[in-house]
Amino acid sequence: MSIQSINPATGEVLRSFEPLKDEAVKAKIAIAHAAFKDYAEVPLEHRALCMRKLAGILESEVEELAILLTQEVGKTIESSRQEVRKCAAGCRYYAENAARILSEEPIPTDLNNSYVRWDPLGIILAVMPWNFPFWQVFRFLSPALMAGNVALLKHSSNVPQCAVAIEALVRRAGFPRGTFQTLLIESRQVESVLSDERVAAVTVTGSEAAGRAVAAQAGWLIKRSVLELGGSDPFIVMPSADLDRAIQAGVKARTLNNGQSCIAAKRFIIHDEIYETFESLFISAMEDLKVGDPMKDSTDIGPLATAKLVEDVEQQVAAAKAAGALLLSGGERMVGIGNFFEPTVLINVPRTAAVYREEIFGPVAMLFRAHSLAEAIEIANDTPFGLGASVWTRDPEEQKQFIAALECGQVFVNAMVASDPRLPFGGIKRSGYGRELSGAGMREFLNAKTVVIAGGVEQTEIPFEQPAAQEPLLTPGFDSGQFKKAFRTALKDGE
């Protein structure tokens, strides 16, 4: 089956690609393996030079690349421009900071010289999503390439043009052949790529199903993995908040990328004292948004990326209503060509409703009333996800309590959750594990190699008690065939 690029605003098939055959995939892995042996020896200064050139190309071709993003995934043209510029900023961050992050770390011991050095692992497989088709990839490739790793990209099947464009950009920047390659393959082929002994690790951004599948195989193969999965981020507003700023940020946080973002605010938890005012102003602001052609600068919300996503959001809203939720605004698929869905506001979603704990990947906001700070925290943590949280309060004591108690990977106070090359990014619970961005993200795919150089000093051992023998983790009845079948099904569903 061909891999198609379809304009979500018009339904037009833009381009079709034939998936690589297994032999072609093996050849690309061999190229990457050969490239790593040489690339790991390339001076850091040269890598930085290439990375700065890559940033310059992105900055000079913002408009052309933004059009590609908008045509392939339906995001508004301005948000596409911002995404390309953010990729350039990420490249510059790692070009300027890699030397500091990768520097050897001296560790005082009773020996002459002890330190940790950071070595690249080799080939890293990246399984990436469609919603930020450039940024999701660049926030991986920038630290990976600067660290001396090489990369294989399996991008989402609905953004093949973006995937091909990224490889071309990397080559134009001067990075050696084979250091970054796009694999236009079907989801079923990911299993064999990850199984190749030359592939050292994998990173996945996407659905929970895809994350489970890939992480399970990586664990079975004893390969390192990083997961950035779904989120159902809370947006908490307390009485002391600047209400106008909170509403403005809340609408933006919910409708960012047409509502298709893991870190989008999805559950709005409002203190009882200001709930009625917030609800009224928030609904008014949502209804003022202009839905339409994503190529127009005046458009606030474009189409969802695929027809399937519209069906999913439509079913989730219907299920919420059936469970007792009240629909205050929107809630309908928009008539006409394209995958458009109205900005929607739901209230009184019961805890028994499935959508209460699901991620809604569309412009749908759920509002909840909290009578105290403690109840706001309870509602916020009542989710299997733990990606980010946005808290709006000017009370320093409340800020401290929220920061300490919220179960998530990042807390933004009086600001919407956003990724930044300088800050670690990732979640807990079913939002995944590991970190992207900052020094922490770069070191996920490095070997922390301990080095000890003795200089005539007598070494002393710290007493160590051998652990008791344990039962094997896998029982003799473990069915690897059943595991592989589940893996393929989950990865396909995850796309």
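Here, every reference points to the structure presented above.
The shown structure was predicted, so the numbers you read here are calculated from the model rather than taken from an experiment. (Residues numbered from 1 in each chain as written. Predicted model: local features only at pLDDT ≥ 70, side-chain atom pairs only at ≥ 80, totals over all residues. Heavy atoms only, no water.)

Caption draft 1: Molecular detail of the sheet that holds strand E3 (residues 105-106). With antiparallel pairing, the 3 strands of this open sheet are ordered in space as E3-E4-E20. The open sheet is flanked by E3 and strand E20 (446-453), the only strands paired with a single partner. Relative to strand E4 (residues 113-120), E3 runs antiparallel, the two sharing 2 bridges. Following the sheet pairing, Glu105 is matched in E4 by Val116. (Pairing = 2+ DSSP bridges. Helix = DSSP H or I, 4+ residues; strand = E, 2+ residues; numbered from the N terminus.)

Caption draft 2: Region of interest: the pairing of strand E11 (residues 265-271). Among the 7 residues of E11, 7 are classified as buried, and the element is accordingly described as predominantly covered. Two strands pair when backbone bridges link them, and strand E10 (residues 233-237) and E11 are joined in this way by 5 bridges, in the parallel orientation. When the bridges of E11 are listed, Asp233 appears paired with Ala265. Note that the unit made of E10, helix H9 (residues 243-255) and E11 has a crossover that is right-handed. Judged from the 5 bridges that link them, E11 and strand E14 (residues 364-370) form a sheet pairing that is parallel. Bridging across to E14, Ile269 finds its partner in Phe368. (Buried < 20%, exposed > 50% of the residue type's maximum accessible area, 1.4 Å probe, protein only. Right-handed = clockwise from strand over helix to strand, strands pointing away.)

Caption draft 3: Representation of the side chain of Gln136. Within the fold, Gln136 resides in helix H5 (residues 135-146). Gln136 sits in the buried class, given a relative accessible area of 3%. A polar contact of 2.9 Å, which involves the side chain of Gln136, links it to the side chain of Arg139. When near neighbours in sequence (up to four residues on either side) are disregarded, Gln136 contacts Met128, Pro129, Asn131, Thr205 and Glu228. (Polar contact = N/O pair within 3.5 Å; in protein donor to acceptor, adjacent residues only side chain to side chain. Contact = heavy atoms within 4.5 Å.)

Caption draft 4: Inspection of the pairing of strand E2 (residues 13-17) at higher detail. The pairing of strand E1 (residues 3-6) with E2 spans 4 bridges and is classified as antiparallel. Residue Ser5 lies in a different strand from E2, and its bridge partner there is Arg15. The hairpin turn running from E1 into E2, its antiparallel successor, is 6 residues long, and Gly11 in that turn takes a positive phi close to 80°.

Caption draft 5: Structural context of the packing of aromatic side chains. Scanning all chains against the criterion turns up 10 aromatic pairs. Centre to centre, the rings of Phe268 and Phe278 are 6.4 Å apart; their planes meet at 35°, and the pair counts as tilted. Of the two residues, Phe268 sits in strand E11 while Phe278 sits in helix H10 (residues 275-287), which places them 10 residues apart along the sequence. In this structure Phe268 comes out as buried when scored by relative accessible area, which is 0%. Taking relative accessible area as the criterion, Phe278 reaches 0% and is therefore assigned buried. Plain terms: the ring middles of Phe268 and Phe282 are 4.8 Å apart, the flat faces sit at 50° to each other, and that makes the pair tilted. Here Phe268 is found in strand E11, whereas its partner Phe282 is found in helix H10, with 14 residues between them in sequence. In terms of burial, Phe268 and Phe282 fall into one category: buried. One aromatic cluster is present, formed by Phe235, Phe268, Phe278, Phe282 and Trp392 through successive ring pairs. (Phe/Tyr/Trp six-rings, centres within 6.5 Å; stacked < 30°, edge-to-face > 60°.)

Caption draft 6: Molecular detail of helix H1 (residues 22-39). Taking 1.5 Å of rise per residue, the 18 residues of H1 would be expected to cover 26 Å, and the 25 Å separating its terminal C-alpha atoms lies within 8% of that figure. Among the residues of H1, those classed as buried are Val25, Lys28, Ile29, Ala32, Ala35, Phe36 and Tyr39. End-on view of H1: buried residues confined to an arc of 125°, all on one side of the axis. Facing away from the buried side of H1 by more than 90 degrees, the exposed set consists of Glu23, Lys37 and Asp38. (Expected span 1.5 Å × (residues − 1). Arc of directions from axis to C-beta.)

On their own, these measurements won't tell you what the molecule is for.
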